[in-house]
Structures are given as structure tokens and as C-alpha cells.
Amino acid sequence: MPDTAILDIDGTLVDTNYQHALAWFRAFGRYDVWLPLWRIHRHIGMGGDQLVAALAGDEVEQRYGDALRDAWVEEFDPYLDEIRPFDGATELLDELGGRGFTVVLASSGKPQHVERFIDLVDGRSRCRAWTTSEDVEATKPAPDLLRVALNKVGGGSGAAVGDSTWDFLAAGRAGMPGVAVRTGGFSPGELRKAGAAHVFDSLTELIANLDHTPLRAPLAG
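Residues numbered from 1 in each chain as written. Predicted model: local features only at pLDDT ≥ 70, side-chain atom pairs only at ≥ 80, totals over all residues. Heavy atoms only, no water.

S.K.: How would you explain the overall build of the protein if you had to name every residue and give the values?
M.R.: Within the protein one finds ten helices and six strands. Dimensions of the protein, computed from the C-alpha atoms along their principal axes, are close to 55 × 30 × 30 Å. When each of the 221 residues of the protein is scored for burial, the buried share is 52%. A fraction of 68% describes how many contacts in the protein between residues 6 or more apart in sequence connect residues 24 or more apart. Accessible surface, the protein: about 9400 Å² in total, of which carbon and sulfur atoms supply 47%. Looking at the protein, you have 21 positive and 33 negative side-chain charges, and the mean spots of the two groups are 3 Å apart. (Helix = DSSP H or I, 4+ residues; strand = E, 2+ residues; numbered from the N terminus. Buried < 20%, exposed > 50% of the residue type's maximum accessible area, 1.4 Å probe, protein only. Contact = heavy atoms within 4.5 Å. Areas by Shrake-Rupley, 256 points an atom, 1.4 Å probe, with all protein chains shown as cover. Lys, Arg positive; Asp, Glu negative; His and termini not counted. Charge placed at Lys NZ, Arg CZ, Asp CG, Glu CD.)

Below you can see the structure in the form of C-alpha cells.
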């Protein structure tokens, strides 16, 4: 059983996925690369270092990759004042800590965004540590962020909580069980196919059912 709860923040604890999709849509549009929003949304949760090529191909990445990522930041920043935590976000952090888990956030976001979102859920007092895109060379679906998060707190084993398929592809590669919430707009089937062992509609539903997940208690039999 895990001793560390590793939570995604973007789209899991705070409501950001659709703002991210619109920001990427507008960033690509600056370079006359027009992609359907539904396709962009299906890639939210994948780190920006991998998203451009995954959506638009290697040629677009080679020509515009860094400029597109800069444009995405410029397009996303105006949404920051609209971002809100999901119901149950702080309660989930408190419940996990109260059960004895070490709580750490594994985010591939920009440091300035992660810091802001942590404040929205009062995470500085509730989480032992957190990651940003600066902590790894490859973000989700690579397992690196989850491994770094676990190492930051000296954990023995972790369980991952997230909202996107990319969270659970990363968790599987890191050898961690995954618990999903549908707050990012992915279907139960997509999340389970990606490797999530449990899927809940909301954070409040997850809290009510923690005893049926790997997050029932650390090192429990």
C-alpha cells in the first residue's frame, strides 16, 4: 500500500482544463495552425513540451514549438482570475493528511501558475511539497514528475490522483495505482483504459469513497 498521495492540481483540484484548451487554440491560431478544440481538450494534461508535436506534428514543433509555448502562457494568463478550486479540494487534502498520508502535488505547470493554484487550495500548509515543469525534462505522460514528487518527500510508494488520461499513463509507467476524478472532462472509459483503477465524478464523491481505494490508509493491510 502507498504511503504517499500524489495529486495533480491542474484540472484535478482547480478548474482549468477548458481554459487551457482555449489558450492553446488561440496560441496555435497565431501561427495559422487551426485545430479542433475537442482534439486540443483530449491532450490537456499532457505537458507542453510534448503537446505541440502530439497535436500538430514534428514539423510544427520544430518550427514554432517554443514560440507556441510562450504564446500559450500569454493566452492563458488572462484567465487566471477566473480559476476556482473544485468543491472538496481542500477537504480532500485534509482528509488524506489526516489519514496519515504524505501529500505532495505533481504538476507540470509553469511555476507561477502552480504557485497561484496552490494558494487557491491553501496547499502550502496541507502539502509537503510540489513539482513544476522545471523539475523534469519530460512531463506527463512520462513518469518523471511522479517519481520526482515521491522523491521530494522521501516516500516509499505512491498513489496518483488525477483527471486526465495522461495522469494515468504516467502513473502506470511509474508503477503507481491511479485514482481518477472526472473534473477534467474525460470519460470513465477513457480514464480506465489509460490505467485508472477507480473513477469518481467529483472530489466529494472520492472523499466519500476513499475506503474503497488505495488511499484508504497508508500501509494498511
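S.K.: Which residues make up helix α4 (residues 58–76), and what are the values?
M.R.: Along its 19 residues, α4 runs just 23 Å from first to last C-alpha, ending more than 12% under the 27 Å computed at 1.5 Å per residue. A bend of about 75° at Y64 is the largest found in α4. Every buried residue belonging to α4 is among V60, G65, L68, R69, A71, W72, V73, E75 and F76, and all of these are buried. Looking at the buried positions of α4, the neighbouring elements they touch are α1 (17–30), α3 (48–56) and α6 (111–120). (Expected span 1.5 Å × (residues − 1). Bend = angle between axes of the 7 residues up to and from the residue.)

S.K.: Please set out the side chain of H20 residue by residue, giving values where relevant.
M.R.: If you trace the backbone, H20 turns up in helix α1. Setting aside residues up to four positions removed in sequence, H20 forms contacts with D10, I44, W72 and F76.

S.K.: Quick rundown of the pattern of salt bridges? Include the residues and the values.
M.R.: Oppositely charged side chains can pair when the atoms bearing their charge come close. Considering all chains together, one arrives at 16 salt bridges under this definition. With a closest N to O distance of 2.4 Å, E190 and R42 form a salt bridge. Of the two residues, E190 sits in helix α9 (residues 188–194) while R42 sits in helix α2 (residues 37–42), which places them 148 residues apart along the sequence. Residues joined in a network through salt bridges with shared partners are D8, K140 and D167. (Salt bridge = Lys/Arg side-chain N within 4 Å of Asp/Glu carboxyl O.)

S.K.: Tell me what's going on with unusual backbone geometry, and back it up with residues and numbers.
M.R.: Excluding glycine, residues mostly carry a negative phi; peptide bonds, for their part, are mostly trans. The omega angle of the peptide bond from K140 to P141 is 15°, so this bond is cis rather than trans. Within the secondary structure, P141 sits in the loop between β3 (129–130) and α7 (144–152). Phi is positive for D122, close to 50°, though the residue is something other than glycine. Examined against the element boundaries, D122 turns out to sit in the loop between α6 and β3. D122 gets classed as partly exposed once you look at its relative accessible area, which sits at 42%.

S.K.: Tell me about the pairing of strand β1 (residues 4–7), and name the residues and values.
M.R.: Covered by surrounding structure in β1 are T4 and I6 together with A5 and L7, the residues of both alternating faces. The pairing of β1 with strand β2 (residues 102–105) spans four bridges and is parallel. Within β2, the residue paired with I6 across the bridge is V104. Note that β1 and strand β4 (residues 158–162) share four bridges and pair parallel. By the bridge assignment for β4, A5 is matched with A159. (Pairing = 2+ DSSP bridges.)

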